[in-house]
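# Working through the structure, step by step
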Amino acid sequence: MNRNTYYNNRPYGRSYHKKPEKPKVEIDFNDKDWKDKVKKPKADTRTKTSDVLNTKGCEFEGFNLSRPLLMGIFEKGFERPSPIQEAAIPCILMGKSILARAKNGTGKTGAFSIPCLHLVDPKKQHIQVLVLLPTRELALQTANVLKSLGKYLDLDDKIVTSTGGTDLKSDIIRLKRDVRIVVGTPGRLQDLAKKRDAHAQHAPLNIDNCNMIVLDEADKLLSTDFLPAVTALLEYTPKDRQLLLFSATFPSTIKSFKDQWLKECETINLMDELTLKGVSQYYAYVDESEKVHCLYALFRKLTINQCIIFCNSVNRVELLCTKVTRLGFPCYYIHGQMGQKHRNRVFHNFRQANSNCRTLICTDIFTRGIDIQNLNVVINFDFPRSANTYLHRIGRSGRFGHMGLAINFITNADRYNLCAIETHLNTEVAAIPKEIDASLY
Ligand code: AMP
């Protein structure tokens, strides 16, 4: 079947055809037994680490959130706020700007999505929240979290995702509707925020009255690649906007940004000593020519739910995928030179985790924020060059305090880099033992 046949034969035809509307479920939010009626997902009984368990004992009900929002939260399976949520939600609800640092996978998305959803005023028909992320996949993932948490707030079609690599015209059309929350990548949003010509009253993206701006993965957004677009977007927003910065790492570049844009803000830092908790890190000392063989041995030995393998170049990703598939282990791959639709499809299929294809090989495009709960093993087929990249790659396992395993293939040339990263992160990567205790991941 060629590509066009595939799209034409899909149940709803091409993507611009409207999907049939789902029947609305009427829910009585005044019902005193509302909590019992929430359809919660199956409880997750896996062991969790202290970085999500060390809470002060707050409850979501204690934040004075609306009942429809609470329903969305419980239905998503969030029973109690995680430490970053306990710290950030009240500050944001009080209208404060924040600079929040917490480990990957400890609930940062919920920490800003929940108060943002609460603060959206249904009577105001303009964009009220702008969420910026460094990659397209992260933008889609975050918009989905906002939509599911806000399921009962009637906001579904008022949350718009806009990223590079997609059709600009369809973004312009969608932004003409009644939009309250925009989630996207800085370059595309900057294009949309510019006025088309001198006579145009408004640009397609009108954020003149947008009072809440979120920068998730803020360290990346404030790097030289993104900073010009981010600051250009901030210039369009009101001076008294609330700015929310979230990241696992806060390099020194953040200081000058803070001095200019965040004079008054609350700083939340939950990262002391918590960086890689729950993730067991090992290295295998190998020759370049032995890497594939070593991978094969790992596949046979480990109990892998889902696994990501990182390579340092697009070519190596494709080559490794061919080799691994030939060895009898089917896998997906993703890199930045693939078309966006193709990337989305692979990401979606891998997330579903219901096929026998449980391995994804990728470049660093996937290091940040991507949340796949079942992922328990990360393999650095090629060792990363910086401590920051290492931290973000490893953070793909051990989500929400679960245990995870990180295995690094180290060649002779990587030795010094491994030492430097261990020192930088104040962590220890041990030599891989003959048997890895299954309870570690
Ligand atoms: P994040 O750090 O936002 O990417 O979240 C990591 C994972 O933790 C996601 O799969 C979330 O669904 C999950 N999560 C976030 N907050 C909570 C919570 N309060 N209770 C249970 N799971 C949560």
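Note that the coordinates shown come from a computational prediction; the quantities given were computed from them, not determined experimentally. (Residues numbered from 1 in each chain as written. Predicted model: local features only at pLDDT ≥ 70, side-chain atom pairs only at ≥ 80, totals over all residues.)

## Some details on the sheet that holds strand S12 (residues 375-380)
Worth spelling out the cut-off: Being paired, for any two strands, means DSSP has found at least two bridges between them. The numbering of helices and of strands both runs from the N terminus, where a helix is a DSSP run of H or I of at least 4 residues and a strand a run of E of at least 2. Contact between residues is assigned whenever the C-beta positions, reconstructed from backbone atoms, fall within 7 Å. The angle between two axes is taken between their N-to-C directions and runs from 0 to 180 degrees, where each axis is a line fitted to C-alpha atoms and a helix contributes only its stretch in contact.
The parallel open sheet is built from seven strands, whose spatial order is S10-S11-S9-S12-S13-S8-S14. For this open sheet the edge positions go to strand S10 (332-334) and strand S14 (430-431), each flanked by a neighbour on one side alone. In this sheet, strand S11 (residues 359-362) lies alongside strand S9 (residues 306-310) in parallel orientation, the contact comprising four bridges. Counted as the bridge partner of Phe310 is Cys362 from S11. Of the strands in this sheet, S10 and S11 touch helix H14 (residues 340-352), which is tilted by about 135° from S10.

## Quick word on the domain arrangement of the protein chain
Much of the literature gives interface size as the accessible area that the parts lose upon coming together. Selection rule: Start and end positions for the domains come from either an automated domain assignment or a database one. Classification convention: Asp, Glu, Lys, Arg as charged; Ala, Val, Leu, Ile, Met, Phe, Trp, Tyr, Cys, Pro as nonpolar; all other residues, Gly among them, as polar.
If you check the domain split of the protein chain, you get domain 1 (27-269) and domain 2 (279-440). Each of domain 1 and domain 2 was reduced to a C-alpha centroid, and the two centroids are 28 Å apart. The interface is formed by 25 residues belonging to domain 1 together with 19 residues belonging to domain 2. The element that contributes the greatest number of residues to the side of domain 1 that touches domain 2 is helix H6 (residues 136-149), accounting for five residues. Considering only residue class, the side of domain 1 that touches domain 2 consists of six nonpolar, 11 polar and eight charged.

## Notes on the sheet that holds strand S2 (residues 129-132)
For sheets, the rule is that strands pair by backbone hydrogen bonds, running either parallel or antiparallel. With respect to topology, seven strands assemble into an open sheet ordered S3-S4-S2-S5-S6-S1-S7, the strand pairing being parallel. If you trace the sheet from one side to the other, it starts and ends with strand S3 (159-162) and strand S7 (266-269), each paired once. Neighbour to neighbour, the strand axes of the sheet diverge by 10° on average, direction disregarded. When S3 meets strand S4 (residues 181-184), the two strands line up parallel, connected through four bridges. The residue bridging Val160 from the neighbouring strand is Val182, located in S4.

## Some details on the pairing of strand S8 (residues 279-285)
Here S8 pairs with strand S13 (residues 404-410) via seven bridges, running parallel. Residue pairing across strands places Tyr285 opposite Ile410, the latter belonging to S13. Here S8 runs beside S14; their pairing, made up of two bridges, is parallel. Note that in S14 the partner of Tyr282 across the bridge is Ala430.

## Comments concerning the site of the ligand
Definition in use: Being near a molecule or strand means, for a residue, that its C-beta atom, positioned from the backbone, comes within 6 Å of it.
Surveying the vicinity of the ligand reveals 16 residues, the closest of which are Phe78, Gly107, Thr109, Asp371 and Phe400. In terms of residue count, helix H5 (residues 108-119) provides more of the shell around the ligand than any other element does, three residues in total. Broken down by class, the residue content of the shell around the ligand amounts to three nonpolar, nine polar and four charged. Mapped onto the domain boundaries, the shell around the ligand takes at least three residues apiece from domain 1 (27-269) and domain 2 (279-440).

## Here's the deal with the environment of Thr109
Checked against the element boundaries, Thr109 lands in helix H5. Residues Thr109 and Leu93 lie 16 residues apart in sequence; the distance between their C-alpha atoms is 15 Å. Discounting chain neighbours no more than four positions away, the residues touching Thr109 are Thr142 and Val145.

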